[in-house]
Amino acid sequence: MAEKMFGKALKRVEDPRFITGTGNYTDDIAVHGMVHAAMVRSPYPHAKIKSIDSSAALALPGVIAILTGKDLVGAGINPIPTGWLLPDLKISAHHAIQPEEVNHVGDIVAAIIAETRAIAEDAVALVDVDYDVLESVSLGSTALAAGAVQVHPEAPGNLAFDWTIGDAAATDAEFAKADKIVKLELRNHRLVPNAIEPRASLAEYKRAGDEYTLHTTSQNPHIHRVMIGAFVMGIPEHKLRIVSPDVGGGFGSKIFQYPEEVIVLFAAKKVNRPVKWTARRSESFVSDAHGRDHETVAEAAVMNDGTLLALRVNTIANLGAYLTTFAPAVPTYLYGTLLNGTYKWKAIHAHVRGVYTNTVGVDAYRGAGRPEATYVVERIVSTVARELGMDPVDIRRKNFIQPSEFPYQTPVALQYDSGNYEPAMDMALEKLGYKALRAKQAEMRKQGKYIGIGVCTYLEACGLAPSALVGSLGAQAGQWESALVRVAATGVVEVLTGSHSHGQGHETAFAQVVADELQVPVEHVVLVHGDTARLPHGWGSYGSRSAPVGLSAITMACRKITDKAKKIAAHLLEASVEDMEHVDGKYQVKGVPERSKSFFEVALMAHLAHNYPADLEPGLEATHFYDPKNFVYPFGTHLAVVEVDADTGRTKLIRYVCVDDCGPIVNPLIVEGQVHGGVAQGMGQALLENTVYDASGQLVSGSYLEYTMPRADDMVQLEIGHTVTPSPHNPLGLKGIGEAGTIASTAAVANAVIDALEPFGVRHMDMPFTSEKVWQVIHASQLAQAADD
Amino acid sequence: MYTAEFDYKKVSSVADALAALKAHPDAKLLAGGHSLIPTMKLRLASPSALIDVSSIPGLKGIRLEGDVIVIGAMTTHRDIEHSSLLKDKCPILPEQAALIGDPMVRNKGTIGGSLAHADPAADYPASMLALGAKMKIESSSGARVVTADDFFVGMFQTAVAEGEMLTEIHIPANTKSSAYEKFAHPASRYAIVGVAVVKHADGTTRAALTGAGASAVRLPKLEAGSISSLVSAADLLSDNFASAEYRAHLVDVMAKKALARV
Ligand SMILES: Cc1cc2nc3c(=O)[nH]c(=O)nc-3n(C[C@H](O)[C@H](O)[C@H](O)COP(=O)(O)OP(=O)(O)OC[C@H]3O[C@@H](n4cnc5c(N)ncnc54)[C@H](O)[C@@H]3O)c2cc1C
């Protein structure tokens, strides 16, 4: 029996090329005659463009062309659309190059095309843009306030949408019954995604055939093709090929269709040369869509025994200057629907207002809506526990949805199909030694040492589906996934997937599943992704959908191959198909190993079709389009332990336990890697990362001198565990793990910090818990104490 | 971003470097490049030429001359970190060097480049003041020596004038004990506050502060035995990460930690 690959911790086959610098990233690609683009970006958050004088720049030897917004509009290039339409959504035109007005620092006003990148960058400084600087606004609540600066005329009061979910009357009724109402004001601050590979695009245009090819850093090349082809540039889909080669991280930021992609395509035709643009890191800060940025007031109605009754949430979501591809969905359907968490709330009502400001657009960032929801729910549940004098573990245990209660209809639309929350929590508590650590914490406090333990029992919904449902909610995209499994005459297997790997290790994990399904050596399986010219239409990777949706499509396609292979083998063996079995990599007559055909023999005959069933098509390939019946619902418990130095306020993570339930695990090494990265990012938000716009609308944290990315020494060795509750509705029971770490860890770490600061009377404070902020509250409490004594 | 275009000239003697400086008044000396190149990439500096002094043979190395330690200006942070002479006679420098940047920065960056750059958040300036170091500055008209107290003039400003270069650092080999305590910015890992305390063989204690203000300064109150309110917030920098009030508090905390170790 061939060794089962499912569940094996295979090392990633993609790693040798990434580690040895032989990957093929967009910026690595150079083509004959290639020229370079550099962007002239607005230094102002809000201004009218009075005039642009590019004569000095054009005079620089090596400068080929300078494009402005008027050139693009004049050539019939449309604004970039958003991909999710809410009712009454107020949309303002998002031009690739602004023709009249800039709306955030970094907005593009002109593009230089030059022989070399150095010349293009020299020319940027020579373009003289005359601006009429306008007042600006960067905070969501300020933008909503009466008399605020108006960002776009299309959105009066800067309100892009006003959205609610849940039953307001039922929620009010529960609040009327409550023993206690606990209120929290929470700011989920803005983050910059910071993929290690900056965005890059290379456009080629062929006059013969009027065809375009765009190599670009995309998580979903087909979405780019639809948006650019059908909406922005009017290029028929068969004349626009999008290739997304190796991509160095996305975290959501490479889902979206960006201005620079349109600019290089337009320029490639105009100057009739291939055009490349690669972001500088400082450009990434002001042009990659940002994440989070919520201001929320949350209230929980509870009983004195710890029963959670109802939740009322009011959120202002800062969307930035333009609606990027999925911006309207993230603070609504990916947030409001997740506010139930793992608990039995009787009613929930959420009100979300999406607001325009003069900042970079805000869209999906690892977790997309679910970290925001988890933060609200897990912070308020821990606060309720504190105020009722309960242990944060006990309140959760008391309110968990029980295994017997699935499928469970929440008050906010989702129907959870499965879950089993207590075993995961108990495993995490056991690993941490929770009781003993609580005792130690009390002991340490007496010695002036402050540790805190944070609990987060999260749930998330990923693998957004089914298509009909998300379509009814406003998605302008399907949420199924495609797979084409193609067996060559020699028996090697090419798997074309609509999922996209930008660091997730699909080439390894997907091959493991195919190897098992087809019973072929894993080395005989090769994955193809990221090229619209080679793949069936697919929707790419985001929202932890690749395993539950993409791999399900592959599994189903493999099963079609196996069914067909059985027919071919049965014919060759002169047996009936019903008598065939697929064992040990062979197709054999049940129980008669000597009457069998190898995979190779079957594949060869499928191609030769010399001795072949009359009613069967030759060839051995199968396509499957898989549309899931529901989301999948991973869950788990994360426990963070932090230590606060009361002298300086410096706060460090010292232990981290996580038990996740992502269903059956294809490759434990890859799953652990996803958890590590996710936890680091979520911990980074809680303790380190901060995106700061100053009063004048400048992004003052726009470099790594200021913006604190987590580093190895900020992390601890994670103590990882798993429980396995399969999804009941997909062929392998797979759920997602790509975002779970980020979804859980921000709340876990925040709860730990607030727990550590309890002796100083801290009930809540906003992230990130940078040292001065923490020291200030400690210092204030010490001063108050001193005044009392 | 790319730097603006510039000429590049590598020199192998101080005389050649000074001659080149004279010929190109708009040029800059290039040592390890780890402060200069980033500023050029951001186009905060666009010198017409770089005169690479990093491999001038006489400017690299650490030696003992009588009771003075002589460090060539082009000695890298890494060589300082691993010098057994310094570990023995002036341990505060290896201690600091180990806290600078990452291995790449330490392999290229030099003590002379760091001192001449005088970044307010750099580490060495504090120890230079606490050690009572002297800087040898050369120009076509000869050499002069200035004390550390006179060397750090202000933010990114030193006693090195146009047409001059820093060639050597002279440190009395009289450390009895020393300590450096750094509170680093979590992103840049430069000093928000760095306090150096050196007890000298003659019984004196010198202490100095870097990071908190526009340039490194002595801490006279600490030297006089005080351990709190060592500096006034009014004299300190303030930014997003750390206000002047917080920095002033950190000075006391770091000073206490350093004192506990000397
Ligand atoms: C990622 C990173 C992290 C860092 N972290 C720290 C840190 O934690 N602490 C710290 O102290 N520093 C830090 N640095 C700065 C580092 O120490 C630099 O190497 C140092 O500041 C400059 O030295 P250099 O040899 O690289 O000089 P260069 O960058 O080559 O030159 C700096 C300046 O000095 C001038 N100059 C150079 N040599 C001479 C000379 N002989 N005479 C006169 N002028 C001269 C140059 O013209 C230039 O203006 C960091 C740098 C980086 C890139």
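Reading the values: rules and limits
The residue numbering used here restarts from 1 in each chain and proceeds along that chain's sequence as written. Numbering of ligands from 1 and lettering of chains from A proceed in the order in which they are written. The model is predicted, so local features are restricted to residues of pLDDT at least 70 and side-chain atom pairs to those at 80 or more, both for listing and for counting; the totals for chains, interfaces and linings are taken over all residues. Excluding hydrogens and water, the side-chain figures rest on all heavy atoms present in the structure. We count a stretch as a helix when DSSP gives it H or I for four or more residues in a row; a strand needs E for two or more, and each element gets its number in order from the N terminus. Buried, partly exposed and exposed residues are distinguished by accessible area as a fraction of the type maximum, computed with a 1.4 Å probe on protein chains only: under 20%, between the cut-offs, and over 50%, respectively. All accessible-area figures derive from a Shrake-Rupley calculation using a 1.4 Å probe, and residue coverage is judged against the displayed protein chains alone. Charge assignment: positive for Lys and Arg, negative for Asp and Glu; neither His nor the chain ends contribute. For this purpose, a charge sits on NZ of Lys, CZ of Arg, CG of Asp or CD of Glu. Angles run from 0 to 180 degrees between N-to-C directions of axes, and those axes are lines fitted to C-alpha atoms, restricted for helices to the stretch in contact. Here the angle decides the label: under 35 degrees means roughly parallel, over 145 means roughly antiparallel, 65 to 115 means roughly perpendicular, and every other value means oblique. Throughout, a crossing is termed right-handed when the near helix is turned clockwise from the far one, and left-handed when it is turned anticlockwise from it by less than a right angle. Any two residues whose heavy atoms approach within 4.5 Å are treated as being in contact. Under this grouping Gly is polar, as are all residues other than the nonpolar Ala, Val, Leu, Ile, Met, Phe, Trp, Tyr, Cys and Pro and the charged Asp, Glu, Lys and Arg. Once two parts are joined, some of their accessible surface, as seen by a 1.4 Å probe, is lost; buried area is that loss totalled over both. When a carboxyl oxygen of Asp or Glu is within 4 Å of a side-chain nitrogen of Lys or Arg, the pair counts as a salt bridge. As used in this structure description, the phrase polar contact means that two N or O atoms lie within 3.5 Å; if the pair is within protein, one of them must be able to donate a hydrogen and the other to accept it, and residues adjacent in sequence are counted only when both atoms belong to side chains. A pair of cysteine sulfur atoms is labelled a disulfide when the two atoms are within 2.5 Å. In this scheme Phe, Tyr and Trp rings, the latter by its six-membered ring, pair at centre separations within 6.5 Å, and the angle between planes marks the pair as stacked below 30 degrees, edge-to-face above 60, and tilted otherwise. Strand pairing is assigned whenever DSSP detects at least two bridges linking the two strands. Crossover handedness is defined by viewing with both strands directed away from the observer: a clockwise path from the first strand over the helix to the second marks the crossover as right-handed.

S.K.: I'd like a rundown of the overall build of chain B, residues and numbers included.
M.R.: Along chain B, the regular secondary structure elements total eleven helices and 14 strands. Expressed along its principal axes, the backbone C-alpha trace of chain B runs to roughly 50 × 45 × 30 Å. When each of the 262 residues of chain B is scored for burial, the buried share is 52%. Only carbon and sulfur atoms are counted for the fraction: they give 52% of the accessible area of chain B, which is about 11000 Å². Both charge centroids of chain B, one from 27 positive and one from 27 negative side chains, sit 4 Å from each other.

S.K.: Just give me the short version of the packing of helix 10 (residues 370-388) of chain A against helix 11 (residues 392-399) of chain A, but keep the residues and values in it.
M.R.: Residues and elements named next belong to chain A. Closest axis-to-axis distance for the helix 10/helix 11 pair is 8 Å, and the angle between their directions is 110 degrees. Relative to helix 11, the element helix 10 is oriented roughly perpendicular. Handedness of the helix 10/helix 11 crossing: right-handed. Across the interface between the two elements, Glu-378, Val-381, Ser-382, Val-384 and Ala-385 from helix 10 touch Pro-392, Ile-395 and Arg-396 from helix 11. Partitioned by chemical class, the residues of the contact of helix 10 with helix 11 number five nonpolar, one polar and two charged.

S.K.: Tell me about the interface of chain B and chain A, and please be specific about residues and values.
M.R.: Listed per partner, the contact involves 22 residues of chain B and 25 residues of chain A. Summing both sides of the interface, chain B and chain A together bury roughly 2100 Å²; the carbon and sulfur share of this comes to 50%. Area buried by chain B at its contact with chain A is led by Met1(B), Tyr2(B) and Arg189(B), which between them contribute 26% of it. Summed over the shared surface of chain B and chain A, the number is three salt bridges. Two residues, Asp713(A) and Arg189(B), come together in a salt bridge whose shortest N-O distance is 2.9 Å. At the junction of chain B and chain A, the tally comes to eleven residue pairs in polar contact (both at pLDDT 80 or more). Contributing elements (two or more residues each) for the side of chain B that touches chain A: strand 11 (175-184) and helix 11 (244-261) of chain B. Its residues assigned to classes, the side of chain B that touches chain A shows 14 nonpolar, five polar and three charged.

S.K.: Report on the state of the cysteines, specifying residues and quantitative values.
M.R.: Residues and elements named next belong to chain A. Counted by the stated rule, this structure contains zero disulfides over all chains. In this structure Cys-462 is a free cysteine whose sulfur lies 9.2 Å from that of Cys-662, the closest cysteine sulfur available. The exposure class of Cys-462 is buried, given its relative accessible area of 1%.

S.K.: Got a sec to walk through the packing of aromatic side chains? Specific residues and values, please.
M.R.: All names here are of chain A. If you walk through the whole model with that rule in mind, you get 23 aromatic pairs over all chains. Measuring from centroid to centroid gives 4.8 Å for Tyr-205 and Tyr-212, while their planes differ by 55 degrees, and the two rings are tilted. Across this residue pair, the class does not change: Tyr-205 and Tyr-212 are buried. With centroids separated by 5.8 Å and ring planes inclined at 45 degrees, the aromatic side chains of Phe-326 and Tyr-542 adopt a geometry described as tilted.

S.K.: Can you break down the environment of Leu219(B) residue by residue, with the values?
M.R.: Residues and elements named next belong to chain B. By the element assignment, Leu-219 lies in the loop between strand 14 (217-218) and helix 10 (220-223). Sequence separation between Leu-219 and Ala-143 is 76 residues; the distance between their C-alpha atoms is 30 Å. Excluding residues that lie within four positions of it along the chain, Leu-219 makes contacts with Val-195, Ala-207, Ala-208, Leu-209, Val-231 and Val-251.

S.K.: Which residues make up the pattern of salt bridges, and what values go with them?
M.R.: Residues and elements named next belong to chain A. Going through the model one piece at a time under the given rule, you end up with 58 salt bridges over all chains. With a shortest N-O distance of 2.8 Å, Glu-481 and Arg-545 are connected by a salt bridge. Residue Glu-481 is located in strand 19 (residues 481-487), and its partner Arg-545 is located in the loop between strand 21 (525-528) and helix 16 (546-573); the two are separated by 64 residues in the primary sequence. We note that Glu-481, like Arg-545, is buried. Here Glu-494 makes a salt bridge to Arg-486, at a shortest N to O gap of 3.3 Å. In this structure Arg-486 comes out as partly exposed when scored by relative accessible area, which is 31%. In this structure, a network of salt bridges that share partners links the residues Arg-41, Arg-199, Glu-260, Glu-283 and Asp-288.

S.K.: Provide a residue-level description of the pairing of strand 3 (residues 49-52) of chain B, including the pertinent values.
M.R.: Residues and elements named next belong to chain B. Of the two faces of strand 3, the one carrying Ala-49 and Ile-51 and the one carrying Leu-50 and Asp-52 are both buried. In the sheet, strand 1 (residues 7-10) pairs with strand 3 via four bridges, with the strands oriented parallel. Directly across from Tyr-8, in strand 3, lies its bridge partner Leu-50. Handedness of the crossover joining strand 2 (residues 28-30) and strand 3 through helix 2 (residues 36-41) is recorded here as right-handed.

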